[in-house]
Each structure stands twice: as C-alpha cells, then as structure tokens.
Amino acid sequence: MITTTKEGPLKRYGVKAGRKLSLRGYDPDDTGDYKKSDQGKAKAKAETAKLIARLDGLQERLYANATRSLLIVLQGMDTSGKDGTIKSVMSGVNPQGCKVVGFKGPSKDELAHDFLWRVHREVPPKGYIGIFNRSHYEDVLITRVHGWVSDKVVKRRFDQIKEFEELLTENGTAILKLFLHISKDEQKERLEARIADPEKRWKWNSGDLEERKLWEDYLKAFEDVISATSTDCAPWYIVPANRKWYRNLVVAERIVNVLEDMKLKTPPAPEGVDFTKLRIV
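Parameters at a glance
Residues numbered from 1 in each chain as written. Predicted model: local features only at pLDDT ≥ 70, side-chain atom pairs only at ≥ 80, totals over all residues. Heavy atoms only, no water. Helix = DSSP H or I, 4+ residues; strand = E, 2+ residues; numbered from the N terminus. Contact = heavy atoms within 4.5 Å. Areas by Shrake-Rupley, 256 points an atom, 1.4 Å probe, with all protein chains shown as cover. Lys, Arg positive; Asp, Glu negative; His and termini not counted. Charge placed at Lys NZ, Arg CZ, Asp CG, Glu CD. Pairing = 2+ DSSP bridges. Axes fitted to C-alpha atoms, helices over the stretch in contact; angles between N-to-C directions. Buried < 20%, exposed > 50% of the residue type's maximum accessible area, 1.4 Å probe, protein only. Core = buried A, V, L, I, M, F, W, Y, C linked by side-chain atoms within 4.5 Å. Parallel < 35°, antiparallel > 145°, perpendicular 65-115°, else oblique. Left-handed = near helix turned anticlockwise from the far one by under 90°. Nonpolar A, V, L, I, M, F, W, Y, C, P; charged D, E, K, R; others polar. Expected span 1.5 Å × (residues − 1). Patch = residues over 30% accessible without salt bridge, like charges linked within 9 Å, V, L, I, M, F, W, Y side chains within 5 Å. Salt bridge = Lys/Arg side-chain N within 4 Å of Asp/Glu carboxyl O. Phe/Tyr/Trp six-rings, centres within 6.5 Å; stacked < 30°, edge-to-face > 60°. Lys NZ or Arg CZ within 6 Å of the ring centre and 35° of its normal.

Bringing the overall build of the chain into the picture now. Secondary structure summary: the chain contains 11 helices and 6 strands in total. Restricting to contacts in the chain with at least 6 residues of sequence separation, those with at least 24 account for 81%. By element, 51% of the accessible surface of the chain is carried by carbon and sulfur atoms, the whole surface being about 15,100 Å². Here the chain carries 50 positive and 42 negative side-chain charges, and the mean point of each set is 2 Å from the other.

The structure is reproduced here in structure tokens:
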C-alpha cells in the first residue's frame, strides 16, 4: 500500500466522529514527509502517478461488479482547487463509470422539494464513482453565512444529512468527504492569477471578492459542519491544499484506500464456456 506520510492520511487528516474541529489546527501548507522543494514535489508526483494507475484497475473492478459505488464530496473555500483536483486525480479514470455533478443555486422546482431531493437523484448507482463538486453541504454553509436560514434549521439539517449518508452507506455507497484547506493568502494569489492570466479570466466572478470578505464566517461555518457531520460511516478529511501536488497525492491515496477496502475481485467468467476452445473467425 502506498502511503503519503509515516502516520498515514487517515490518522493525520481524518476527523474523528464527535470531535470539535478547529481548522487552525491544520496547516494548509503541510506537505507531510515531502520537502517543499523541487525534489519533494517530483517525488510526490511520482507517487501520485502510481496511485492514479492503481485507481484505473480498481475502478474497472467497481464497474464490473456493480455491487458498490463511491461518492466523493469535495468542499472548500473559493479557489481551493476542486476543479483542479478532479482534473488531475481522476485523469486515469474511465469516464464511462464516473460522473461529476456541481450544485449551484436551486431551481424553482428544486425549491419546491426538501433540500436533499435534488442531491439524492445524483447519487452514483452501483458500479460508479460519483463526484460532488460542492454538494448538499452548501445548504448548511452559504445559507447559514448569509443568514438565509436560521441556526435551528441548520442544526436540524445536520441530523438529516447524517441520516441520509447513513442510508447511502447501508445500501452500498462508500462516502469520502474531502475539505480542501487553503490559506487566505493562497486564495489571494489564486484570485490575482485569474485576473492576470487571460486564459483564466473566464473563471472570474465579481462575487468572489464579496465572499472573500466573509472568510472568517465561512471558516467557522465549515468547522461547525465538519464537527457535526464527520461520522464513522462518512468521515471528513482535511486536505492541505496550498500545494497542489501534495493535495493531489493525499486525495488519490484516500480514493485508492477506500476502493481497496471494498475488497472487490474481478467477476468470474460466464459459466459453461470453455475459453480454451473458443475461436474467433
């Protein structure tokens, strides 16, 4: 098994159920046992490439068996690298068995239902990997920060989310929840990069600057959300994301570990067929 640190990400970055979280206790610039140097970066990238190659085979078994599924939830501050993580880590995955869903403001039809209605429809079927680029957690984050719902409603939703995720896991869906943790200074650099690079300006949203003013409010909201909803069946992981190469390594390692824990084997060949005598003409 490839691991990224002596402790392993499970112990170093995993949030135990019932634990009160302080994100200030996690260094977004952490790189584990890899030095912040060209040599460390190259070594981490080489390990990530091995993991992505391993992921290819594991996804094929998942798809072939069609008895389990994997839901990856990506959350983080603006510019934390959700798109980049998907592009890099899932580069070796067969698109046929993987679906990425992004949740924006709910439509009129979606608002006419409970807040989990639109989410449940997008849960990956057995055999598939599903990725939520933002997720049902937006309904207890942005809504709370902007005061669109009360704290009483938010806390009730915490319980509903835990029950929803428990339902999914009991029916064969493994859930991996990843908070991509960047610093405020790193976010500033990434926003400035969008302004400076004509190829990145399409990502610019004038609302980003207004949301940035609410940094501390979002930090507190994330701490409350993760503390309340990290469970044994659907734990949260705090992924240091200032260094993209280390972020990719940690995420790839966790995905591979979850799929390997399923202990799926290649399905047997159809019965009654003697493959030694088959001839293709």
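Anyway, onward from the coordinates.
Let us now look at the sheet that holds strand S2 (residues 69-76). An order of S1-S6-S5-S2-S4-S3 is seen for the 6 strands of this open sheet, with the pairing classed as mixed. Each edge of the open sheet is held by one strand with a lone partner, namely strand S1 (14-15) and strand S3 (98-102). With 5 bridges connecting them, S3 and strand S4 (residues 129-133) associate as parallel partners. Bridge pairing in S4 places Val101 opposite Phe132. Contacts from helix H10 (residues 215-229) reach S1, S2, strand S5 (173-181) and strand S6 (236-240) within the one sheet, and its direction differs from that of S6 by about 140 degrees.

By secondary structure assignment, the location of Glu211 is in helix H9 (residues 207-212). For the pair Glu211 and Leu70, spaced 141 residues apart in sequence, the C-alpha to C-alpha distance is 31 Å. Setting aside anything within four residues of it in sequence, one finds Glu211 in contact with Asp78, Ile142, His146 and Tyr218.

As a further point, take the side chain of Thr231. If you trace the backbone, Thr231 turns up in the loop between H10 and S6. Among the residues examined, Thr231 registers a relative accessible area of 17% and is labelled buried. Setting aside anything within four residues of it in sequence, one finds Thr231 in contact with Ala17 and Lys162.

Moving on: the nonpolar core. The biggest cluster of nonpolar side chains holds 73 residues, and the ones touching the most others in it are Leu70, Met90, Ile129, Ile255 and Leu259. Ranked by residues supplied to this core, first place goes to helix H11 (residues 244-261) with 10 residues. Setting aside chain neighbours within four positions, we find Leu70 in contact with Pro124, Tyr128, Ile129, Gly130, Ala174, Leu176, Ile255, Val258, Leu259 and Met262.

Moving on: the packing of helix H3 (residues 82-89) against H11. The contact between H3 and H11 brings their axes to 10 Å, and the two run at 60 degrees. Taken together, H3 and H11 sit at an angle that is classed as oblique. Helix-helix and strand crossings are classified by hand; for H3 and H11 the assignment is right-handed. Across from Gly84, Thr85, Ser88 and Val89 in H3, the residues of H11 making contact are Arg247, Asn248, Val251, Ala252 and Ile255. Among the residues making up the contact of H3 with H11, the classes are represented as 4 nonpolar, 4 polar and 1 charged.

Take H11 next. Taking 1.5 Å per residue, 18 residues should reach 26 Å; H11 reaches 26 Å between its end C-alpha atoms and fits that length. Summarising burial for H11: 15 of the 18 residues are buried, a large majority.

Moving on: the environment of Lys50. The residue Lys50 is located in helix H2 (residues 38-65) in this model. When the C-alpha positions of Lys50 and Glu253 are compared, they lie 9.8 Å apart, and in sequence the two are 203 residues distant.

Okay, a nonpolar patch on the surface next. Together, Ile195, Trp204 and Leu209 make up a nonpolar patch on the protein surface, roughly 270 Å² of accessible area in all. Within the secondary structure, Leu209 is located in helix H9.

Here H2 is 28 residues long and its end C-alpha atoms lie 41 Å apart, about the 40 Å a rise of 1.5 Å per residue gives. Contact partners of the buried residues in H2: S2, H3, S3, S4 and H11. Trailing H2 by a residue or two, Ala66 shows a phi angle of about 55 degrees, which is positive.

This part takes up a positive patch on the surface. A surface patch of positive charge is lined by Lys87, Lys200, Lys203 and Lys244. With respect to the secondary-structure elements, Lys203 resides in the loop between helix H8 (184-196) and H9.

Okay, the packing of aromatic side chains next. Summed over the entire model, instances satisfying the criterion amount to 7 aromatic pairs. Where Tyr137 meets Trp236, the ring centres are 5.0 Å apart and the plane angle is 70 degrees; that geometry is what we call edge-to-face. Here Trp236 lies in strand S6 and Tyr137 lies in the loop between S4 and helix H6 (142-145), a separation of 99 residues in the sequence. Assigned by exposure class, Tyr137 and Trp236 land together as buried. With a centroid separation of 4.6 Å and 55 degrees between ring planes, the pair formed by Phe179 and Phe222 is classed as tilted. With a gap of 43 residues between them, Phe179 in strand S5 and Phe222 in helix H10 connect regions that are remote in the sequence. You can call Phe179 buried: its relative accessible area is 1%. For Phe222, a relative accessible area of 4% translates into the label buried. The ring of Trp117 has Arg121 lying over it, and the distance from NZ or CZ to the ring centre is 4.0 Å.

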